[in-house]
Structures are given as C-alpha cells and as structure tokens.
Amino acid sequence: VLNDAGRRMLVISRAGRVLGDYAITRDWADRLASDLALEGGVIYLADEGRGSILVRGVDGTDRGEWPVYAPPRRIAVDPEGDVYVLGRGGFGLRYSATGALEAYWRVPIRQDGVKVEPTDLAVGDDGRVYVSYVGLAEPETNAQPPERRRGWDITAGGVWVFEPTETEVPALPP
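Chains are numbered independently. Their residues run from 1 in the order of the written sequence. Residues qualify for local features only when their pLDDT is at least 70, as the model is predicted, and side-chain atom pairs are given and counted only at 80 or more; totals for whole chains, interfaces and linings, by contrast, use all residues. As a convention, hydrogens and water are excluded, and side-chain values are obtained from all of the structure's heavy atoms.

## Considerations on the environment of Ala29
You can see Ala29 is positioned in the loop between strand E3 (18-23) and strand E4 (33-39). Buried, partly exposed and exposed residues are distinguished by accessible area as a fraction of the type maximum, computed with a 1.4 Å probe on protein chains only: under 20%, between the cut-offs, and over 50%, respectively. Residue Ala29 is classed as partly exposed on the basis of its relative accessible area, which comes to 42%. With 20 residues separating them in the primary sequence, Ala29 and Gly49 have C-alpha atoms 8.8 Å apart. Helix numbers and strand numbers start at the N terminus; a helix is a DSSP run of H or I with at least 4 residues, a strand a run of E with at least 2.

## Quick word on the sheet that holds strand E8 (residues 72-77)
Across the sheet, which stays open at both edges, the 4 strands sit in the order E8-E9-E10-E11 with antiparallel pairing between neighbours. Single-partner strands in this sheet number two, and they are E8 and strand E11 (101-106). For this sheet the average axis-to-axis angle between neighbouring strands, irrespective of direction, equals 20°. A strand pair is defined by DSSP finding two or more bridges across the two strands. Two strands pair when backbone bridges link them, and E8 and strand E9 (residues 83-87) are joined in this way by 5 bridges, in the antiparallel orientation. If you follow Ile75 over to E9, its bridge partner there is Val85. The angle between two axes is taken between their N-to-C directions and runs from 0 to 180 degrees, where each axis is a line fitted to C-alpha atoms and a helix contributes only its stretch in contact.

## Brief notes about unusual backbone geometry
Positive phi outside glycine occurs at Asp112, with the angle close to 55°. Summarising the element assignment, Asp112 is placed in the loop between strand E12 (110-111) and strand E13 (114-115). Classification of Asp112 as exposed rests on a relative accessible area of 74%.

## Details of the layout of surface pockets
Of the pockets and cavities examined, the second largest pocket occupies roughly 210 Å³. As defined here, a cavity is a set of points on a 1 Å grid over the protein atoms alone where a 1.4 Å probe fits but cannot get out. A pocket is an open set with protein on both sides within 12 Å along at least five of seven lines, and residues line them when an atom is within 4 Å of a point. Around the second largest pocket, the lining residues are Val1, Met9, Leu10, Val11, Ile12, Leu19, Leu36, Leu38, Ile43 and Val58. Of all the secondary structure elements, the ones that give two or more residues to the lining of the second largest pocket are strand E2 (8-12) and E4. The element contributing the most residues to the lining of the second largest pocket is E2, with 4 residues. Classes in brief: Ala, Val, Leu, Ile, Met, Phe, Trp, Tyr, Cys and Pro nonpolar; Asp, Glu, Lys and Arg charged; the others, Gly included, polar. Class assignment for the residues of the lining of the second largest pocket results in 10 nonpolar, no polar and no charged. Grid points are joined across faces, edges and corners, and a volume is the space filled by probe spheres set on the points.

## A word on the side chain of Ser52
Residue placement: Ser52 occurs in strand E6 (residues 52-57). The buried category is assigned to Ser52, whose relative accessible area is 3%. Within 3.5 Å is the distance limit for a polar contact, defined as a pair of N or O atoms, with the added protein rule that one can donate a hydrogen and the other accept it, and that residues adjacent in sequence qualify only through two side-chain atoms. A distance of 2.7 Å separates the side chain of Ser52 from the side chain of Glu65, its partner in a polar contact. Setting aside residues no more than four positions away along its own chain, Ser52 makes contact with Arg31, Leu45, Ala46, Asp47, Glu65, Trp66, Pro67, Val68 and Pro72. Throughout, a residue-residue contact means that at least one pair of heavy atoms, one from each residue, lies within 4.5 Å.

In short, geometric facts, not functional conclusions.
Written out as structure tokens, the structure is:
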C-alpha cells in the first residue's frame, strides 16, 4: 500500500497481515509518489515529482532509482520483470528492470472526437498493454441548476489495448 502523505509503503500479506511498514526514501524534496507495482520481491514506485522510478525490496531495502522520459503517473510490471510506465504528456513507456528503455508509444488524446485522458495501465501475460481512459466535459458556463450542480459529465470512457510488435526503438523526441 502506498501512503504518499505519510511518505511510507506498507507491505501486507494475502491474509492481511502487515509484513512491513517502511519509509519510501529519506530525501522527500520534490517527490510525489503516484503509483506502485510489485514483481516478486521488488517494489517499483512511480515518482511523478522527480520523474523517476524508485526500486525497493519488500523488506524496505533501497535498490536504486532511475530516471524516466516522462514523469510517471501509473506503473505496472509484466511477468518477465519489464516495467511499464504511463507518463505525463501521453507517453506509454516500457523499461527493463534495470531502467533501460525498451519501447515507447503515444497514447491517443481523442476518442471518437472527444478529448480524453489516460487513467491507468495494466500488462497481460501475453504482453498486451491495457490503458483505461476517460473524457470529461464541464457543464456549459451559463448552465443553471440543476445542470450546474451535476459537475463534470463523463463523455467517453474505455480501455485501449496495445499489441507488442518487434521493431527498432527510435530515439525519443527532446
């Protein structure tokens, strides 16, 4: 469990027993932990504030940190240990467990003509990457109650599925 406000991570067994409660890092300046993923005995933390991935053992040991191209909003790990990042600015990125960029792709910003925002990602055993998205519309500026009290309307939503392909990874844009 990620507790960004408390700057801690809590490791819980399947039975609900607390296995550990650890500080994420000593230096918290400019950090914003936005997500975590677990593979084997390794926890990967998305640090959106510094644009990096923090690597920790389930026992809390510091196993390093590496930078990512786009500040990570969400993170997932596949069965082989590759780390998938949904970065700000509409990038999907795949890194090796040691932080080497393996692949990247752009995430759509429109679905059926509606501006959308990616919200999360997951990786299937077959290598497919699933990215959920939502499109929101604010009520008209001159809307009166009850329309104004409704808040934002969901105008689009769903899941994109990205298939892996073998190709050379071009250089990322600056």
